[in-house]
Amino acid sequence: MRVAEAVGQALADLGVAHAFGVIGSGNFAVVNALHAAGTRFVHARHECAAVCMADGYARVSGRVGIATCHQGPGLTNALTGFTEAAKARTPLLLLAADTSAGAVRSNFRIDQAAAVRACGGVAERVHGPDTALADVARAWRTAAQQRRAVALMLPLDTQAADATSAGPPPQPVVPTPAPTSDVVAQVVDVLAAAERPAIIGGRGAVMAGAGPALRRLGARIGAVLSTSANGNGLFAGDDHALGISGGFASPVAADLLASADVVLAFGATLNMWTTRHGTLVADTARVVQVDLDASALGTHHRVDIAIAADAATTAEALLAEVERRGLAREGLRDPATTRRIASGAWRHVDYADGSTADTIDPRTLSIALDDLLPSERTIAIDSGHFMGWPAMYLAVPDADGFVFNQAYQSIGLGLGAAIGAAVARPDRLAVAALGDGGAMMSLGEFETAAGLDEPLLVVVYNDAAYGAEVHHFGPMGHPVDLVRFPAPDLAAYGRAAGGRGIVVRSTHDLEQLRGWLDDPRGLCVVDARVTPTVVAEWLEEAFRAH
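The sections below set out a description of the structure shown in this document. This one's a predicted model, so the numbers in the text were calculated from it and none came from an experiment. (Residues numbered from 1 in each chain as written. Predicted model: local features only at pLDDT ≥ 70, side-chain atom pairs only at ≥ 80, totals over all residues. Heavy atoms only, no water.)

### So, the side chain of Asp370
So, point 1. As for its position among the elements, Asp370 is in helix 14 (residues 362-372).
So, point 2. Apart from the residues within four sequence positions on either side, Asp370 is in contact with Arg347, Arg377, Tyr393, Leu394 and Ala395. (Helix = DSSP H or I, 4+ residues; strand = E, 2+ residues; numbered from the N terminus. Contact = heavy atoms within 4.5 Å.)

The structure is reproduced here in C-alpha cells:
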C-alpha cells in the first residue's frame, strides 16, 4: 500500500465520515483512498469554501473537520478560510499536497509551512513512508485535543512511496483540567455576597458541554444568562436567557448585564465585542473568567479571579460547593425581571419600518423569516453590515444551530460554513445568511449547494453595496459611489446553478418560500432587496473598535 492510500485509510479508521475539498493531481490519490474507505467527499468549487465547509461541519458536529487541497495555489486559495478556523480554534485538519523534496524549481513550490504558521495554524508533515501513520496520528491529536487548525503536508514523493510504518502506539487519556478547591471556594465566597449575578457563556462553554451545569448554577444563584456571539443558543429556551451580549444585545439585555455585580465568564474571552467596549461590565462588578487557554485569561478585560480549567468541570465544581453551603438566591430572577426579559427580546422592540414599495426593511424581513422557518434550523452567518439582523432576530434551537464565521471578519465565508453545517446536521434546515458582497464572492458554491443531498436555504440581504462602508463613511461626507453596485439578480444565479430563486421586496413575496419549505430539496436562494438606508445598531460600535 502506498503512503497516499495508507493516509486515507488511517483517517477513515479514525472515524472521518465526511471530507470537503477541491481535487487536483496532488491530492487525487488521498481523496480516492478516503472515498474508497467509506468517507463521503463533498467537492467544493474553491479551496477557501472547502475549508469553510470543514469549519462549519466541525462547529456543528463537534468532530474534526477535514478539508483537502492541491499544493501551492490550492493551499494559498484555502488560507483565508483556514485563518478563520485557526482564529476560532476550530478542530480542523487540512490535507495539503506538497511538492516533492527534489522539485526545487516547481511552479507550485512555496514554503507552505511558513504560510500556515503565518495564519495562526499548526504546520505538520508526513515525513516519510516509515513515519506516515504516526505523522497522521500526531496531526489528528493536535486538531482534536488542542482544538487547532492543522495543515498536514503530503509531499508527492512520499505519497507515492510504499508505506512501511505500523500504526502509532495507543495514546494516554489526558485528564480534563479542573479548578482547585481553594479557587472554587473563593468564587463561591464572591457569589455568596452577590445580589445581581450574570453568567456569560462563550464558544469554549459550548465545546465543553457546559450548558446544563451553567443553567443549574444560574438557577441556584439567581443569575441572568447570556452568551458571546459564538456561544449563541447555549441557553436557548431558558426564561432568564438574555441572548447575545455586546453589540447585538437588546436594550433590556444591555441594561441587566451592566447592572450585574458579579460576572462569571465561561469559555468567553470578554473581548470588546462581548462587553461592548467594557460598557456592559460595571466598574464595580467582580469578574470571574474560566478558560482552558490560560493565555486568554484577562487578555481583553480585567479579571478578579482567573481559572485555567474546563468550563463544564468548573461549573459542576461551583454548583457542588454552592449546594454544599446551602446557598440559594433569587438575584435577578424575581418575577418582574423575568417578565421584563420575556418582553425585551429584539422582535418586541419597536422600530420605524423602513420598507418601501421596492425594498423590505431587514428587521421586518428577519422577523418574518423567524416566523416562517422551522424551529429545527441551523443559521450560518457571513460577515458584513447585515450580519446583526439574523443574529438578533433569528432564534436557534441550541448552540449547534448557530455558526458565526467572524473570527477573521472576512466576507465570503458564510456559504461554505452553511454547506458544512447542512452535511453535519441533515435533520435541520441549514440557512446561510449572506450579504450581497459575500454572496458574489462565493457564487461557485451555489452549484455545490444545489448538488447536495441536504437542502440549503440561502437568504441574501441585498442592498447593492458594501453597506458597512456606505453607512460609516457616507455621513462623514466621503463619496461612496465606489462601494455601491448595480443590484445583482442573485435569485437568477440560484436558478442558473440548478436551484430555486425568489426575489423578495415585501413580506408578501415570502409566501413563495412556503412551498419550498413544505418539501425542501436542493438549493433555494432568497434574494431580499433590503432597504439600503436602514443602518445596523451595532455598526458604529464596530468601527470605533478600529
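### Things to note about the sheet that holds strand 10 (residues 262-266)
So, point 1. Strand order in the open sheet formed by six strands is 9-8-7-10-11-12, with parallel pairing between adjacent strands. At either end of the open sheet lies a strand with only one pairing partner, and these are strand 9 (241-244) and strand 12 (305-308). Along the sheet, successive strands turn relative to each other by an average axial angle of 15°, direction set aside.
So, point 2. Of the pairings in the sheet, the one linking strand 11 (residues 286-291) to strand 12 comprises four bridges and is parallel in character. Following the sheet pairing, Val290 is matched in strand 12 by Ile307. (Pairing = 2+ DSSP bridges. Axes fitted to C-alpha atoms, helices over the stretch in contact; angles between N-to-C directions.)

### So, helix 12 (residues 311-325)
So, point 1. Here helix 12 is 15 residues long and its end C-alpha atoms lie 21 Å apart, about the 21 Å a rise of 1.5 Å per residue gives.
So, point 2. Here helix 12 has its buried residues at Ala311, Ala312, Thr314, Ala315, Leu318, Leu319, Glu321 and Val322.
So, point 3. Buried residues belonging to helix 12 abut helix 8 (181-192), helix 9 (203-208), helix 10 (211-221), strand 10, strand 11 and strand 12.
So, point 4. At the N-terminal end of helix 12, a side-chain oxygen is found 3.1 Å from the backbone nitrogen of Ala312, two or three residues along, and the residue is Asp310.
So, point 5. Positive backbone phi, at 75°, marks Gly326, one or two positions downstream of helix 12. (Expected span 1.5 Å × (residues − 1). Buried < 20%, exposed > 50% of the residue type's maximum accessible area, 1.4 Å probe, protein only. Polar contact = N/O pair within 3.5 Å; in protein donor to acceptor, adjacent residues only side chain to side chain.)

### Considering unusual backbone geometry
So, point 1. The phi dihedral of Arg147 falls on the positive side, at around 55°, and the residue is not glycine.
So, point 2. With respect to the helices and strands, the residue Arg147 is situated in the loop between helix 6 (132-146) and strand 6 (149-155).
So, point 3. A positive phi angle is found at His277, which is not glycine, with a value near 55°.
So, point 4. You can see His277 is positioned in the loop between strand 10 and strand 11.

### A few points about the pattern of salt bridges
So, point 1. Across all of its chains, the model carries 27 salt bridges by this definition.
So, point 2. Of the charged contacts in the structure, one is a salt bridge between Arg45 and Glu447, with a shortest N-O distance of 2.9 Å. Here Arg45 is found in the loop between strand 2 (40-43) and helix 3 (47-61), whereas its partner Glu447 is found in helix 18 (residues 444-450), with 402 residues between them in sequence.
So, point 3. Residue classification places Arg45 among the exposed positions, given a relative accessible area of 52%.
So, point 4. Across the salt bridge formed by Arg514 and Glu511, the nearest N and O atoms sit 2.7 Å from each other. A residue pair is termed a helical-turn pair when its members lie 3 or 4 positions apart in one helix, as Arg514 and Glu511 do in helix 21 (residues 511-518) at three residues.
So, point 5. One network of salt bridges, with partners in common, ties together Asp189, Glu321, Arg324 and Arg325. (Salt bridge = Lys/Arg side-chain N within 4 Å of Asp/Glu carboxyl O.)

### A look at the packing of aromatic side chains
So, point 1. Counted according to the given criterion, the structure contains seven aromatic pairs.
So, point 2. When the centroid spacing of 6.0 Å and the interplanar angle of 85° are considered together, the rings of Phe248 and Phe404 count as edge-to-face. A residue pair is termed long-range when its members are at least 10 positions apart, and Phe248 in the loop between strand 9 and helix 11 (251-259) and Phe404 in strand 14 (residues 402-404) qualify at 156 residues. With respect to burial, Phe248 and Phe404 carry one shared label: buried. (Phe/Tyr/Trp six-rings, centres within 6.5 Å; stacked < 30°, edge-to-face > 60°.)

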